[in-house]
Amino acid sequence: MIENNGLNDNITFRTEALTKDYITGETVVQALRGVTLDIPKGDMVVLLGPSGSGKSTFLNIIGGLDSPTSGEVYFKKDRLSDYSEQQLTLFRRHNVGFVFQAYNLVPSLTALENVALVTDISLDPLPPMEAMKAVNMENRAHHFPSQLSGGEQQRVAIARALAKRPEVLLCDEPTGALDSETGIVVLKALRDVNKDYGTTTIIITHNAAIADMADRVIYFADGQVVNIKVNDNPCAPEEIVW
Amino acid sequence: MMEALNKKLVRDLWNIKGQMLAIIMVMACGIATFIMSFGVSDSLTLSRDVYYDRYQFADVFAQLKRAPYGVRQQILEIPGVSAVEVRVVFGVTIQVDNMVEPASGKLISLPDGRTPLLNNLYLRSGRMILPDEQGAILCSEAFATAHGFTLGDRISMVINGHKRSLSIVGIVLSPEYVYSLGPGAMFPDDKRFGVFWMSQRSLEAAVDMNGAFNDVAIRQDRGSNTAVIKQELDIVLKPYGGLVAYARDEQMSNWFVQNELDQLRVMGLFAPVIFLAVAAFLINVVMTRQVATQRVQIGMLKAVGYSNGEISRHYLKMVLMVVVVGSIVGIAAGVWLGAGMTNMYTDFFHFPILQFSFSAEVMIFSVLFCTLAAVIGTLIAIGQAATLPPAEAMRPESPLQFRRTLLERMGLEKYFSPLFRIVIRHVERRPVRTLLSTLGVGLSMSILIFALFMEDSITYLMEVQFDMAQRQDLSLGFTHPRAISALEEIRLMPGVIKVEPLRRVAVLLKSEHYAKRSSILGIRPNPDLHRILDRDLRAARVPAQGLALSSKLAEVLHVRRGDLVTVEVLEDRRPILKIRVAEIVEEFIGLNAFMDIDQLNRHLNEGPVITGASIMVDPLWNGPLYQKIKEIPAIASMNILRKAREIFREVMGENLLKMVAINVVFASLISFGVIYNTARIALSERGRELASLRVLGLTRGEVAYILFGEMTIIILMAIPVGLFIGYMMVLGMAQSMDTELFRLPAMVDKDTYGLSVIVVVLSAVLSFYLVWRQVENIDLVSAQKGVE
Ligand SMILES: Nc1ncnc2c1ncn2[C@@H]1O[C@H](COP(=O)(O)OP(=O)(O)OP(=O)(O)O)[C@@H](O)[C@H]1O
Ligand SMILES: [Mg+2]
């Protein structure tokens, strides 16, 4: 499966025998059971798999939000577990854009301010309003999260991730709450960022159709990678049949 | 940079303004009591020191029978003595027209043609005495104020058996009489005791003391040995009937002032330290929980790349707002109340000038202390949230591992409704939090008990003093010892129901190197009026042999029952005796020794004589009796105990009680602040869960039951905790408030406990109501949208 034994800048993420156990009282949940794979730079990757198969866990670990129980994660040439707390912070701040499954907007900030919260600490961000436009949310920019629908909140969360123009975009079900029309707008935005800036993009989804636009589709089941499909001819987001 | 984060800060603060206000209040109360108490104590101490210094308050004092002027030179030659002032001091009886009972006074000589070297006077109004001026006096301000005397008014007094009418030419204050206590009086009574000054030569002539003096005041060199000077002075004065010399620490006024200041310092230390510590603890707990409710947001901030430092700074800014506002309010309130309280103390401390002093150190310390508590609380909470991997922090409180609770495991579960089970599981699943909340509410309650106990204690003290120990209506003191037959004369006076003899003799008590000036009071073996009380505060028999010492006096002398003490009698032939301590008796005020009157007289080698009497009077006859007493020159002093009790309440009690009242208000505010915060935080921690329950069909009442059920359990547990800690604080306070002047019994009324419970319950009810209004506003829809 590993295309290149030596690490180089063309591989954004590499994981080796990654496992993650959650210990809850007396029961142990093996969320990941030995995940080894490479994610090449600039790829648009889609993660598919049944609920509970470990997709979010995987994304959290490579995004530096959680640490594995065993195994290694490499970001380009660096081993993530070698990072100090400060390096990890900088990694999250400058390299990763994350769209959380639960959106996690700050309730006391407006949509636009939620985006600004991230651009405030980025090196070369988009103007927050640009990011809002990219997800068709410019009209609701000054609303508070509690005044937005679930899908609108989700789009703000995506705008927030896009706005910092990160090297990698990690999206946990970014279209889960969206209708096909808005979903396509969002996917287009993700595709554009991916194309324009060469952003490595990983998208978790339950919608198999979205896989058609990916360069690479990784299938999870039961905490393991069961299949990887390389798509030589990804289609455009507009062509996706929802 | 980070503008969005600052906006979040401002809006978050605004959203929890109620809680922030409550924390600010707790902090301000803690700081204010601290600054107020230290301010009062520092201000009074400074006022005293400045006064003593500017008006040359003497270092060593002595009284004697009579010595010729030339002896002054001999005293001046004692090594270490830098200045000597010799005077004539004479006790007088004053007749004030609009007062039935007589007043007593002291007439002090002023050198003609120069200002005194020591114990100089502060002239409030009028002028000083001219050299050799006849018929003119200076009057102490306290006495003048009490009677409304002004310049030019005449006072008639009996001096050495002759009635004289003297004109007031000046109103003055003296460092020797900051606290002015009449002979035999327990408390200062400015109506019944006054101090007056007149020309030395005029006074000498009036009392047949030409070219002689009977009172010495000394200033000693810095660094010289007071004990040696006292000894030397005693040797010089011995041939002239000198009584044992004493230093400032035994000078009556100064001793009282010192004792009051000590008391104030204890109160001013104990109470505010407790308040501040409790406030700091509460701020800490509340801040920790406040920040902990932001755990998910902290996780998100970390996930998008904010560093721990930036996140900490963000929340510390929030704390800083609270701390800054709390400090400003606390300092302002503390200074304002402190200045007011200091002013009130001048009712019985006669200082000419009040110097306010609020030390910067005290302010800085109290502010830093609270700040530190708040900052540590915040950092703990941030630490807890920030050490978690962001993925975990963002997970809204991992589904908790519920266990069957202790009560359920004990098989009591069948008695519990499902709702109650939810409540009890919440209480049990977070033992540390439950404990801290319980402790918080308990502590806020305990300071309330602590604040209130002072009044209980003083009331109790007065009951013991006046209803059990000194049950007489009047105490009379004679100018000279009289034969016991004088009792018969008194018995025949109008309205007298019962008379008991008193024989008081001034002594110096010694045991090893401990010594204390006091007096031995001879009373009947089984007195009915002036009684002594045993350790359990029951009337005790006066021992047939030996001395009965008050427990404090025994402590000062380091003696126990059965030990021998040396008694140096400070009167007449001045015998030195060795007497065994036969009994230790309880007394909350003063340092007294008691003895069987016959035995005392035998020890003094005297027949059956008395120096005073305790009297029970039919109140209807008060007027005629006082009139009669006023006419008898042999009666030097008369103390009306009912009046003493009133004065105690008015002067000492009231000032103390004002401080108590302030503390009670603060303690109540703190209670409320803590309980409100605890309830409000519980709501923010569980708002979502409660909203879900509402969506599932629970009524508001049922949701409130879950929310407040937990709080109610905490409050119920906190009550015994609060009562216990409160009582411990009372014990601690009673132990530290143990001065020679005055002991505070550790006495807490049931009412105090009751009131503190009521305040806590009321705070809870009010907090529940306020939080309940927020429960009503839980937006079920937005709660389901995943927005907190
Ligand atoms: N903090 C946790 N504690 C215990 N178990 C956990 C925790 N987080 C995840 N799990 C478990 O780990 C497994 C994988 O979870 P994960 O969230 O990665 O699944 P997923 O593939 O993202 O599922 P979904 O598509 O439903 O989001 C699940 O069985 C889940 O219950
Ligand atoms: Mg998931």
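In this section: the overall build of chain B. Per the secondary structure count, chain B includes 22 helices and 22 strands. A principal-axis box enclosing the C-alpha atoms of chain B has dimensions of 100 × 60 × 50 Å. Of all 788 residues assigned to chain B, the portion counted as buried reaches 58%. Across chain B, the fraction of contacts at a sequence separation of at least 24, relative to all contacts at a separation of at least 6, is 81%. By element, 59% of the accessible surface of chain B is carried by carbon and sulfur atoms, the whole surface being about 32,100 Å². When the 79 basic and 75 acidic side-chain charges of chain B are each reduced to a single mean position, those positions are 6 Å apart.

With that settled, consider the domain arrangement of chain B. All names here are of chain B. Parsing chain B into structural domains produces domain 1 (58-254) and domain 2 (469-643). For domain 1 versus domain 2, the separation of C-alpha centres amounts to 26 Å. Around 1,700 Å² of area is buried between domain 1 and domain 2 when both sides are counted, 56% of it from carbon and sulfur atoms. At the surface where domain 1 touches domain 2, the tally comes to 0 salt bridges.

Take the environment of Gln95 of chain B next. All names here are of chain B. Within the secondary structure, Gln95 sits in strand S3 (residues 89-95). C-alpha of Gln95 to C-alpha of Ile447: the two residues are 352 residues apart in sequence and 49 Å apart in space. Leaving out residues up to four positions away in the same chain, Gln95 has contacts with Ser156, Val158, Lys163 and Lys630. Of the polar contacts made by the side chain of Gln95, one reaches the side chain of Lys163; its length is 3.0 Å.

All names here are of chain A. Taken together, 6 strands build an open sheet; the order of strands is S6-S7-S8-S3-S9-S10 and the sheet is mixed. Unpaired on one side and paired on the other, strand S6 (96-99) and strand S10 (224-230) mark the two borders of the sheet. Each strand axis lies, on average, 15 degrees off the axis of its neighbour in the sheet, ignoring direction. Alignment of S6 against strand S7 (residues 168-172), held across 4 bridges, turns out to be parallel. Counted as the bridge partner of Val96 is Val168 from S7. In the packing of helix H5 (residues 150-163) onto the sheet, contacts are made with S6 and S7, and the angle to S6 comes to roughly 175 degrees.

A few words on the packing of helix H9 (residues 308-345) of chain B against helix H10 (residues 360-386) of chain B. Residues and elements named next belong to chain B. Two elements in contact, H9 and H10, have axes separated by 9 Å at closest approach and are oriented at 155 degrees. Taken together, the axes of H9 and H10 are roughly antiparallel relative to one another. The hand of the H9/H10 crossing is right-handed. Facing Asn308, Ile311, Ser312, Tyr315, Leu316, Val319, Val323, Ser327, Ile331 and Val335 of H9, the residues of H10 in contact are Met363, Val367, Thr371, Ala374, Val375, Thr378, Leu379, Ile382 and Ala386.

Now for the packing of helix H1 (residues 3-15) of chain B against H9 of chain B. All names here are of chain B. At a minimum axis separation of 10 Å, H1 and H9 run at an interaxial angle of 40 degrees. Judged by the inter-axis angle, H1 sits oblique to H9. Judged by the twist between their axes, the crossing of H1 over H9 is right-handed. Facing Leu5, Asn6, Lys8, Leu9 and Leu13 of H1, the residues of H9 in contact are His314, Tyr315, Lys317, Met318 and Met321. Its residues assigned to classes, the contact of H1 with H9 comprises 6 nonpolar, 2 polar and 2 charged.

Residue and element names in this part refer to chain A. Of all residues adjacent to ligand 1, which total 16 residues, the nearest are Ser51, Gly52, Lys55, Ser56 and Thr57. A distance of 3.1 Å is found between an oxygen atom of ligand 1 and a side-chain nitrogen or oxygen belonging to Gln101. Within the side chain of His206, a nitrogen or oxygen atom sits 3.0 Å from an oxygen atom of ligand 1. Look at ligand 1: alone it shows 630 Å² of surface, and the protein chains cover 73% of it. Among the elements of the structure, strand S1 (11-24), strand S2 (27-40) and helix H1 (55-62) are those that each provide at least two residues to the shell around ligand 1. No other element matches H1, which puts 3 residues into the shell around ligand 1.

Here the focus is the coordination of the magnesium ion (ligand 2). All names here are of chain A. Note on the magnesium ion (ligand 2): its protein donors are Ser56 (OG) and Gln101 (OE1). The metal-donor distances range over 1.9 to 2.6 Å. Of the two residues, Ser56 is situated in helix H1 and Gln101 in the loop between S6 and helix H3 (111-119); the sequence distance between them amounts to 45 residues. Owing to a relative accessible area of 21%, Ser56 belongs among the partly exposed residues under this scheme. The exposure class of Gln101 is partly exposed, given its relative accessible area of 41%.

Enumeration over the complete set of coordinates arrives at 38 salt bridges over all chains. Ionic pairing is found between Asp82 of chain A and Arg79 of chain A, a salt bridge with its closest N-O pair at 3.1 Å. A salt bridge links Arg127 of chain B to Glu133 of chain B; the shortest N-O distance between them is 2.7 Å. Accessibility expressed as a relative area gives 33% for Arg127 of chain B, which makes it partly exposed. Take Glu133 of chain B: its relative accessible area is 14%, and that puts it in the buried class. Residues joined by salt bridges that share partners form a network here, namely Glu72, Arg79 and Asp82 of chain A.

Another aspect to go through is the interface of chain A and chain B. Listed by partner, the interface residues are 30 residues for chain A and 31 residues for chain B. For the chain A and chain B pair, buried surface summed over both sides reaches about 2,600 Å², with 58% attributable to carbon and sulfur atoms. Taking the shortest distance from any N to any O, the salt bridge between Glu310 of chain B and Arg93 of chain A comes out at 2.4 Å. Along the contact surface separating chain A from chain B lie 13 residue pairs in polar contact (both at pLDDT 80 or more). The set of elements that each furnish at least two residues to the side of chain A that touches chain B consists of helix H2 (85-94), H3 and H5 of chain A. For the side of chain A that touches chain B, a count of residues per class yields 13 nonpolar, 9 polar and 8 charged.

Residues and elements named next belong to chain A. The buried count for strand S3 (residues 44-48) comes to 5 of 5 residues, which makes it a mostly enclosed element. Covered by surrounding structure in S3 are Met44, Val46 and Leu48 together with Val45 and Leu47, the residues of both alternating faces. As paired elements, S3 and strand S8 (residues 200-204) share 4 bridges and run parallel to each other. Note that in S8 the partner of Leu47 across the bridge is Ile204.

Now for helix H21 (residues 750-776) of chain B. For H21 of chain B, which comprises 27 residues, the first-to-last C-alpha distance of 38 Å matches the rise-based estimate of 39 Å (1.5 Å per residue) to within 8%. Of all the residues in H21 of chain B, the buried ones are Thr752, Ser756, Val759, Val760, Ser763, Ala764, Ser767, Phe768, Val771 and Val775 of chain B.

Turning our eyes to something else, we now look at the sheet that holds strand S2 (residues 81-87) of chain B. All names here are of chain B. An order of S2-S10-S1-S11 is seen for the 4 strands of this open sheet, with the pairing classed as antiparallel. Of all strands in the sheet, those bounded by a partner on one side alone are S2 and strand S11 (246-247). Judged from the 6 bridges that link them, S2 and strand S10 (residues 212-220) form a sheet pairing that is antiparallel. Within S10, the position partnered with Val86 by the bridge is Val216.

What follows is about the environment of Met252 of chain B. Residue and element names in this part refer to chain B. Within the secondary structure, Met252 is located in helix H7 (residues 252-292). You can call Met252 partly exposed: its relative accessible area is 43%. Along the primary structure Met252 and Glu176 are separated by 76 residues, whereas in three dimensions their C-alpha atoms are 8.3 Å apart.

Here we take up the nonpolar core. Ranked by internal contacts, the top residues of the largest apolar core, which has 213 residues, are Phe13 of chain A together with Phe349, Leu549 and Val567 of chain B. Counting residues per element, this core draws most heavily on helix H19 (residues 641-695) of chain B, which supplies 23 residues. Formed jointly, this core draws a minimum of three residues from each of two domains, domain 1 (58-254) and domain 2 (469-643) of chain B. If we ignore the near neighbours within four places in the chain, the residues touching Phe349 of chain B are Leu44, Val178, Tyr179, Val257, Glu260 and Leu261 of chain B.

Parameters at a glance
- Residues numbered from 1 in each chain as written.
- Chains lettered and ligands numbered in written order.
- Predicted model: local features only at pLDDT ≥ 70, side-chain atom pairs only at ≥ 80, totals over all residues.
- Heavy atoms only, no water.
- Helix = DSSP H or I, 4+ residues; strand = E, 2+ residues; numbered from the N terminus.
- Buried < 20%, exposed > 50% of the residue type's maximum accessible area, 1.4 Å probe, protein only.
- Contact = heavy atoms within 4.5 Å.
- Areas by Shrake-Rupley, 256 points an atom, 1.4 Å probe, with all protein chains shown as cover.
- Lys, Arg positive; Asp, Glu negative; His and termini not counted.
- Charge placed at Lys NZ, Arg CZ, Asp CG, Glu CD.
- Domains from an automatic or database assignment.
- Buried area = accessible area lost by both parts, 1.4 Å probe.
- Salt bridge = Lys/Arg side-chain N within 4 Å of Asp/Glu carboxyl O.
- Polar contact = N/O pair within 3.5 Å; in protein donor to acceptor, adjacent residues only side chain to side chain.
- Pairing = 2+ DSSP bridges.
- Axes fitted to C-alpha atoms, helices over the stretch in contact; angles between N-to-C directions.
- Parallel < 35°, antiparallel > 145°, perpendicular 65-115°, else oblique.
- Left-handed = near helix turned anticlockwise from the far one by under 90°.
- Nonpolar A, V, L, I, M, F, W, Y, C, P; charged D, E, K, R; others polar.
- Near = heavy atom within 4 Å.
- Donors = N, O, S within 2.8 Å, 3.2 Å for Na, K, Ca; no water.
- Expected span 1.5 Å × (residues − 1).
- Core = buried A, V, L, I, M, F, W, Y, C linked by side-chain atoms within 4.5 Å.

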